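As a plain string of letters, each chain reads:
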Amino acid sequence: MRLALLGDFTIEDFKPYFLETTLFMRSFSQVEEVILNPDSELYKFKPDVIVVMFSTQVLRARYHQRSTSHVVFYEEVLRYHQNLREQLEQHSQSRIVISNFVEVSDRLFGNHDHLIETSFLQLTKDLNNALRSNLDINSLAAFYGHENWFDARFWYLSKSFCHPRLIPKVTERIQSICRSSLGAQVKCVVLDLDETIWGGILGDDGRDIILGAEGEGEIYRDFQAYLLELKRRGILLAVASKNDLSNVLDIFRHHPEMILRESDISVFKVNWENKADSIAQIARELNIGLDSMIFIDDSPLERSLVRSLLPEVRAVEFSGDPALYITELTSTDYFESSLLTSVDERRGELQQIESERTKLRTSFMSLEDFLRDLQMRGEITPFKADDLERIVQLTQRTNQFNLRTQRYNLAQTKKILQDETYLPLSVTLSDRLGHHGLVSVLIFSIRGDIAFVDQWLLSCRVFSRGLENFIMNEAMKILKEIKISKVVGEYLPTEKNKNVANLFKDFGFHPVGALWEIAITDYQDKPHFINQGPYERD
Amino acid sequence: MSETEILLKLTPLFQRVFADSSLVVTNSLHPDQVPGWSSLSHAHMLAEVENVFGIRFTFREMRSIQTTQDLLTVLLSRQL
């Protein structure tokens with residue numbers, strides 16, 4: 001990328017933020033010199049993009065020192081800028097990006113500045129309207145606040161465009177424009193569902209997910225409405241979610257508060273596979289590049305997985321507060337585009353049709369590498385008194401990975417803890433990203449040398465990480481030590497626990513009537529990437 | 001805040017702004033001795049000092065600061 005940066009201030013301030021780019025920079029009056037001379041070094045440099053920036057500080061100083069009327073001044077400035085642009089377009093093949101002016105009141109008329117046709121505020125507004133520049137510095141300055149933006153000391157000290165701390169925000173804008181001219185324009189947003197476009201966990205909460213006009217539900221409703229705007233603007237929406245498709249479609253079709261409907265989504269990938277695979281499949285089906293995709297997921301773990309396995313996909317970094325989803329997404333500039341065309345507006349629909357034609361399978365990516373890299377540590381221990389509340393909470397709330405869906409209250413749990421015919425175990429998990437706390441409960445009831453799986457549940461936050469394998473391996477070791485010879489399991493189906501219908505079978509248990517059995521000596525350890533041990537903070 | 005305490009607090013800040021992790025700030029440090037200390041990074045340094053020390057320089061103070069000694073003079077005069 002060859003980038004020319006021109007500005008009527010110290011544009012060299014931007015240099016440290018463009019270390020990867022071949023730069024041509026000119027400041028102050030050199031700007032018009034290189035633009036107006038067809039043989040100038042600017043044109044010899046053959047930039048891919050030319051960025052020309054004009055500071056409101058220079059404009060204001062000139063305005064206050066003008067010897068003409070407001071109207072004449074306006075006409076002169078307008079003609080000057082139009083001429084510069086024409087010259088640029090005539091002498092170069094480059095993409096031309098020109099900044100607008102920050103619209104700021106000098107308060108000569110106090111609160112009436114915005115009503116006065118000959119105020120400086122009106123001058124900047126009129127110029128911006130007439131010039132229709134494509135680098136919106138005005139909004140950027142408003143976003144960070146004029147008080148921060150115009151630190152006069154830095155202007156007088158070194159002719160800084162804005163406060164030094166805000167310069168990276170300006171250069172980010174320029175960089176996102178450069179990226180969009182290299183073709184890496186966003187075409188598709190891949191969405192997680194639970195805790196992202198609605199609150200709560202569909203598998204657990206069903207139709208009672210948090211979504212609606214009031215309270216927290218409003219946050220998710222507004223976020224969906226924002227996503228719908230993106231779709232109208234021509235960006236495709238796809239879903240990558242760990243859920244049951246039938247539950248998801250039920251919500252998209254029938255939930256009264258849903259803003260996004262089934263037809264708004266170009267591709268649904270609803271399964272229990274890793275999301276990188278789902279995203280790669282979406283890219284194939286839509287026939288778009290991974291670098292044109294944005295991934296939106298509340299889970300730092302999923303984002304980290306996608307970043308590791310598909311580095312080209314941009315996973316939006318969220319701070320974790322759903323109320324800030326829109327703010328944080330808009331501050332990324334991922335939706336920078338060169339130009340909006342009518343084709344853009346139709347693209348969503350066209351590609352949805354194409355996707356229906358080609359349902360492709362994608363190559364497998366190494367989930368193992370990702371899981372290994374997570375440095376997970378699991379610990380399985382008998383119930384601790386301190387954990388009882390969390391254990392009760394899990395037995396009350398967990399629906400998906402829950403073999404018998406036994407709801408125990410605090411009194412029952414205490415009883416189990418004291419009853420010697422029970423072996424109650426709980427599991428904690430941590431990884432390099434942090435501690436997940438107590439995520440699984442496994443209770444055996446013991447009759448002689450037979451252990452019955454009275455309760456086994458696993459928090460949906462830690463699905464698909466091989467934790468169940470770790471737990472079963474470790475549990476079998478413990479049972480062996482206490483001389484158990486046979487383990488008996490039972491699966492009681494509910495609306496929500498279909499996931500685990502084959503769990504015992506997968507662990508090598510044999511069906512015996514309605515139950516599942518395995519001789520402890522027949523159990524084969526299952527692979528996983530979890531080390532035994534407690535959570536350790538670095 | 002004593003001169004030593006100020007220098008100690010300036011060291012990580014200078015290291016970050018001037019991109020030199022081995023930099024040790026002394027009262028005689030001069031821009032010529034620090035490759036990353038340009039007129040551009042100078043303004044960043046001033047902004048960061050304001051941020052880290054929770055102060056606001058006047059324009060005159062900013063103009064007066066060319067070397068570490070100048071910076072110290074201003075910071076000590078603030079009786080932080």
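Residues numbered from 1 in each chain as written. Chains lettered and ligands numbered in written order. Predicted model: local features only at pLDDT ≥ 70, side-chain atom pairs only at ≥ 80, totals over all residues.

(A) Expanded view of the overall build of chain B. In terms of regular secondary structure, chain B is built from 4 helices and 0 strands. Tracing chain B from N to C terminus, the helices and strands come up as α-α-α-α. Long-range contacts, defined as pairs at least 24 residues apart, comprise 44% of the intrachain contacts of chain B with a sequence gap of at least 6. (Helix = DSSP H or I, 4+ residues; strand = E, 2+ residues; numbered from the N terminus. Contact = placed C-beta atoms within 7 Å.)

(B) Region of interest: the overall build of chain A. Each helix and strand counted, chain A has 21 helices and 18 strands in total. When the 538 residues of chain A are sorted by exposure, 37% land in the buried category. Within chain A, contacts between residues at least 6 apart in sequence are counted, and of these 67% link residues at least 24 apart. (Buried ≥ 20, exposed ≤ 12 C-beta atoms within 10 Å, placed from the backbone.)

(C) Main features of the pairing of strand β5 (residues 188-191) of chain A. Residues and elements named next belong to chain A. Alternating positions in β5 separate into two faces, Cys188 and Val190 on one and Val189 and Leu191 on the other, with burial throughout. Two strands pair when backbone bridges link them, and β5 and strand β6 (residues 236-241) are joined in this way by 4 bridges, in the parallel orientation. If you follow Leu191 over to β6, its bridge partner there is Val239. Both β5 and strand β8 (residues 293-296) contribute to a ladder of 4 bridges, which runs parallel. Bridged to Val190 within β8 is Phe295. (Pairing = 2+ DSSP bridges.)

(D) Quick look at the environment of Gly489(A). Looking at the secondary structure, you find Gly489(A) in strand β15 (residues 486-490). Between the C-alpha atom of Gly489(A) and that of Val453(A), which follows or precedes it by 36 residues, the distance is 5.1 Å.

(E) Structural context of the interface of chain A and chain B. The interface of chain A with chain B comprises 12 residues on the first partner and 8 residues on the second. Grouping the constituent residues of the side of chain A that touches chain B by class yields 4 nonpolar, 3 polar and 5 charged. (Nonpolar A, V, L, I, M, F, W, Y, C, P; charged D, E, K, R; others polar.)

(F) Structural view of the confidence of the model for chain A. Residue and element names in this part refer to chain A. This prediction gives chain A a mean pLDDT of 89; 93% of its residues lie at or above 70. The model gives residues 339-346 a pLDDT under 50, and that stretch makes 3 contacts with residues more than four places away or in other chains. Under a pLDDT of 50 for its full length, residues 356-365 has, in the predicted model, 13 contacts with residues more than four places off or in other chains. (pLDDT = per-residue confidence, 0-100.)

(G) Quick look at the nonpolar core. Residues and elements named next belong to chain A. By size, the foremost hydrophobic cluster in this structure holds 85 residues, and its most contacted members are Cys188, Val190, Ala238, Ile279 and Met293. Residue contributions to this core peak at 7 residues, all from helix α20 (residues 467-481). The residues that make up this core include at least three from each of domain 2 (188-370) and domain 3 (376-532). With near-sequence residues (within four places) excluded, Met293 lies in contact with Cys188, Val190, Ile279, Ala283, Ile288 and Val313. (Core = buried A, V, L, I, M, F, W, Y, C linked by C-beta atoms within 7 Å. Domains from an automatic or database assignment.)

(H) Fine view of unusual backbone geometry. Residues and elements named next belong to chain A. With a phi angle near 65°, Lys483 is a residue other than glycine that sits in the positive phi range. Here Lys483 is to be found in the loop between α20 and β15. Using a count of 9 C-beta atoms within 10 Å as the deciding quantity, one classes Lys483 as exposed.

(I) View of the sheet that holds strand β3 (residues 49-53) of chain A. Residue and element names in this part refer to chain A. Pairing is parallel in the open sheet, where 4 strands are placed in the order β2-β1-β3-β4. Both outer strands of the open sheet, β2 (22-27) and β4 (95-98), are each paired with one neighbouring strand and no more. Direction aside, the axes of adjacent strands within the sheet are offset by 15° on average. Strand direction decides the pairing type here: β3 and β4, joined by 4 bridges, are parallel. Counted as the bridge partner of Ile50 is Ile96 from β4. Running over the sheet, helix α4 (residues 70-91) touches β3 and β4 and is turned about 165° from β4. (Axes fitted to C-alpha atoms, helices over the stretch in contact; angles between N-to-C directions.)

(J) Geometry of the environment of Glu368(A). Residue and element names in this part refer to chain A. As for its position among the elements, Glu368 is in helix α17 (residues 367-373). A count of 11 C-beta atoms within 10 Å places Glu368 in the exposed class. A C-alpha to C-alpha distance of 7.9 Å links Glu368 and Phe529, two positions 161 residues apart in sequence.

(K) Molecular detail of the packing of helix α18 (residues 388-397) of chain A against helix α19 (residues 410-418) of chain A. All names here are of chain A. Where α18 meets α19, the axes come as close as 10 Å, and the angle between the chain directions of the two elements is 115°. When you trace α18 past α19, the crossing you get is right-handed. In this structure, α18 contributes Leu388, Ile391 and Val392 to the contact, and α19 contributes Leu410, Thr413 and Lys414. In terms of residue class, the contact of α18 with α19 is made up of 4 nonpolar, 1 polar and 1 charged. (Left-handed = near helix turned anticlockwise from the far one by under 90°.)

(L) Structural view of the packing of helix α13 (residues 275-286) of chain A against helix α14 (residues 300-309) of chain A. All names here are of chain A. In the contact formed by α13 and α14, the axes pass within 9 Å of each other and the chain directions differ by 60°. Relative to α14, the element α13 lies oblique. When the axes of α13 and α14 are compared, the crossing they make is right-handed. Contacts from Lys275, Ala276 and Ile279 of α13 reach α14 at Glu302, Leu305, Val306 and Leu309. Looking at the contact of α13 with α14, its residues break down into 5 nonpolar, no polar and 2 charged. (Parallel < 35°, antiparallel > 145°, perpendicular 65-115°, else oblique.)

(M) Structural detail: the confidence of the model for chain B. Mean pLDDT for chain B: 93, with 100% of residues reaching 70 or above. Reported confidence for the predicted complex is 0.90 by ipTM and 0.61 by pTM.

(N) Looking closely at helix α5 (residues 120-131) of chain A. All names here are of chain A. In a regular helix each residue adds 1.5 Å, so 12 residues correspond to 16 Å; α5 covers 16 Å between its end C-alpha atoms and thus fits that length. Along α5, the residues that are buried comprise Phe120, Leu123, Thr124 and Leu127. Each buried residue of α5 sits inside an arc of 95° when the element is viewed along its axis, so together they form one side. Arg132 sits one or two positions beyond α5 and adopts a positive phi of about 45°. (Expected span 1.5 Å × (residues − 1). Arc of directions from axis to C-beta.)

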